[in-house]
Every structure is written in structure tokens, then in C-alpha cells.
Amino acid sequence: MAKFALGSEPVVGSLTPSKKREYKVTNRLQEGKRPLYAVVFNFIDSRFFNVFATVGGNRVTVYQCLEGGVIAVLQSYIDEDKDESFYTVSWACNNDGSPFVVAGGINGIIRVIDAGTEKIHKSFVGHGDSINEIRTQPLKPSLIVSASKDESVRLWNVETGICILIFAGAGGHRNEVLSVDFHPSDTYRIASCGMDNTVKIWSMKEFWTYVEKSFTWTDLPSKFPTKYVQFPVFIASVHSNYVDCNRWLGDFVLSKSVDNEIVLWEPKMKEQSPGEGTVDILQKYPVPECDIWFIKFSCDFHYNAAAIGNREGKIYVWELQSSPPVLIARLSHAQSKSPIRQTAVSFDGSTILSCCEDGTIWRWDAIASS
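So, here's what we can say about the structure. In this text the structure is predicted, and so the values were computed from the model without any measurement. (Residues numbered from 1 in each chain as written. Predicted model: local features only at pLDDT ≥ 70, side-chain atom pairs only at ≥ 80, totals over all residues. Heavy atoms only, no water.)

**A few points about the overall build of the protein**
For step 1, the next point in the chain: Looking only at helices and strands, one finds one helix and 31 strands in the protein.
For step 2, the next point in the chain: The C-alpha atoms of the protein give a radius of gyration of 19 Å, which matches the 21 Å a tight globule of 370 residues would have.
For step 3, the next point in the chain: Dimensions of the protein, computed from the C-alpha atoms along their principal axes, are close to 60 × 55 × 35 Å.
For step 4, the next point in the chain: Buried residues in the protein amount to 56% of all 370 residues. (Helix = DSSP H or I, 4+ residues; strand = E, 2+ residues; numbered from the N terminus. Rg over C-alpha atoms; globule rule 2.2 N^0.38 Å. Buried < 20%, exposed > 50% of the residue type's maximum accessible area, 1.4 Å probe, protein only.)

Shown next as C-alpha cells:
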């Protein structure tokens, strides 16, 4: 387990908003009665940067942010199983670049929806329990990774429907995996975290031939030689409770637990002994009243800012590229009282969306500085 280096105290951000950017509510939509667990902008395709998807209950909805706070519904997909409850959604695409919306939840089935035809392209069955997060490889957007309650992380090819790798086993997570993320520039690397209070970094480097094979495989997906990756290259114990969201920030990792803060840290690996190493905790971004699990933060395309909601319906927007951390804005509205499960920050950070436990979507837009 990674230990902390002495004499390097993390820098903690101040909760006084810097007023660097002012936001105002421009829309509030009541999508339905059921909680909304995820909202995500499409950063895969520049034509659709203002398009986003939400999931709640057995419904996946695609919207577009238009001028003047307008939110237009583009399409809606209702799962045939009315007991399905989707927890996560991500954008991906097939080899010719047409967009897919990928969702998963309580049933453990991943639905790949072709946004062009509004029909199911593929359904992935493999996880033995519910799916807590799906993320897309930014450099190869037909690869997705899923984190599950079954203690595993799986790598899939949305084009061919193949489960390529399963990250689980001897060195794997010992409880639900809650979050997973691809490294932004190192295609081989992913980070996952969960209810065993750890963050694990995995490498696909020695298994990359399987990834390449998944693109040219012509036989049945079930006949593909799916490989188990049993040992992470790094295990970090940065938090003393459930870790429900982790994102790479370059080679650093941002992770959050139920202790009212996001932590930025650097994994320092030992080349000789995989799995071991030290953690250098660099910065802490406080988030008051954020002590319930399954609240996920989000970043704009260039990782300049991170936005996170809390259980009281407030949003904290932190600048990521500054030290000490700067709170850009604290967003609150008299009618926003429900826990915010996830936020989505637009490409340039000018729009922030939040999806809430009470089935509402809120849109905040930056006010042009005079």
C-alpha cells in the first residue's frame, strides 16, 4: 500500500469564492420523478460539444444546449425493462465516427445506443452485478471501460461488442468499484476506485495485442480470448472511506471520498515492485456537505475547472491549474435543495449542468464580464 511522504503537507483551498466567473441559472427542467444519476456532455465529437445525455430510471435522454439557456430534447430511449435504473452514461463512437450513447445501471447490462438511428447497437452482458460508471477512451473512443458492483472493471470494444480485458482477481478491488477513468494521454493506463477505500492504477501495456485483436475479430464475441488482468501497477490508500470518483489530471489523480473534499495527488511508482510506491498529496479542494456517497465531479474539456454538487443542491467550481486551489464560484439557488449526483461542465466551462435526486436538471451559464 502506498504511504505518505513526510514533510509535504497538502495545500488546502479556501472556500471564499474568487468571483473569477459569475454564473446564473438559465434553465431548470423536471425530467421525471425518478432520481437522475448522471449527466455528461459529448466531448468525443466537436460537432456535438453542446449535446449532453442524462440517465435516470430506465430512461436515457439526449439534449442540446442552445442560446439563451434553452435546452432542447433531441431523443429519448426507454429500456424495455421498467425496473432498470441507469446509474451512468458516456459518449462513444464507432469506427466511422457516428455517435453512441452508452449506459449501464442496476441490471448490469451495458446498452450501446446508436444516436443516429436511435436503436440499440449492442447490449453487453458480462458483469455479475450493477454498473456504477462507464468511461470512454478519449483517444480511441470505441473503447469503453465499466466499473461494477461485482468488484471488477471491464474493457469493451463498442464497435465489435467484445469484452477485451477484465481487471479483477488477486490484486483487484475487494468491494464495489464505483469509478474508473482512462489516462488522457497514456492509452495503456486506467485508474479505478471503490468501496474498498483504494484507488488502483492498471496498465494494459502487456495486453495491448488483445485490444488490437478486438477491432479485427470476426468470430462470435463470446469466442474472444478475454484476458484477466489481476494485478494493478499501483495501489493508493488516499482516503479512509468509500472512494466514489476518480479522474486523471495529467499524470496526477483527483479523487473524492465522503469526507467533504476532492484530493489531488501524485502516484510515485517503484519500477521494481509493481503495486507499491508512495503517494504525494498535493492539494485539497473542500466541498462542504458532500458526505454521502455517489456524488461525482466533472471537468471541462481542458481540465481548467472541476464542478461538484453536494447533498444540499449547491455546486462548487474549483480552478484546477492553480496552487493554492482557487474556488471560482459557489452556485446556489433557493429551489435547488436536492442532492446533486453529478455535474457536467461544457467544453469551455461556460455552462454547468447538474442532475439531481429529485429528477431535475439545472443549467447555469457564465455571465459575460462587462
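Right, picking up where we left off after that structure.
**Focus on the pairing of strand 7 (residues 71–78)**
For step 1, the next point in the chain: Pairing analysis gives seven bridges linking strand 6 (residues 59–65) to strand 7, with the strands arranged antiparallel. For Val60, the partnering residue across the bridge sits in strand 7 and is Tyr77. (Pairing = 2+ DSSP bridges.)

**Thoughts on the sheet that holds strand 26 (residues 305–309)**
For step 1, the next point in the chain: Here four strands make up an open sheet; going across it, the order is 25-26-27-28 and the pairing antiparallel. Either end of the sheet is taken by a strand with one partner, and the two such strands are strand 25 (298–299) and strand 28 (326–331).
For step 2, the next point in the chain: The sheet contact formed by strand 27 (residues 315–319) and strand 28 spans five bridges and is antiparallel. Bridged to Glu319 within strand 28 is Val326.

**Comments concerning unusual backbone geometry**
For step 1, the next point in the chain: Along the chain, Ser323 connects to Pro324 via a cis peptide bond; the corresponding omega equals -5°.
For step 2, the next point in the chain: Here Pro324 is to be found in the loop between strand 27 and strand 28.
For step 3, the next point in the chain: Here the phi dihedral of Asn260 falls at roughly 60°; this positive angle occurs in a residue that is not glycine.
For step 4, the next point in the chain: In this structure, Asn260 sits in the loop between strand 22 (252–257) and strand 23 (261–269).
For step 5, the next point in the chain: For Asn260, a relative accessible area of 28% puts it in the partly exposed group.
For step 6, the next point in the chain: One non-glycine residue, Tyr303, adopts positive backbone phi at about 55°.
For step 7, the next point in the chain: With respect to the secondary-structure elements, Tyr303 resides in the loop between strand 25 and strand 26.

**Observations regarding the packing of aromatic side chains**
For step 1, the next point in the chain: Tallying each qualifying case throughout the model produces 19 aromatic pairs.
For step 2, the next point in the chain: When the ring of Phe52 is compared with that of Tyr63, the centres are 5.0 Å apart and the planes differ by 20°; the resulting orientation is stacked. Here the residue Phe52 occupies a position in strand 5 (residues 51–56), and Tyr63 occupies one in strand 6, the gap between them amounting to 11 residues. By the burial criterion, Phe52 is buried, and Tyr63 matches it. (Phe/Tyr/Trp six-rings, centres within 6.5 Å; stacked < 30°, edge-to-face > 60°.)

That's the geometry; what it means functionally is another story.
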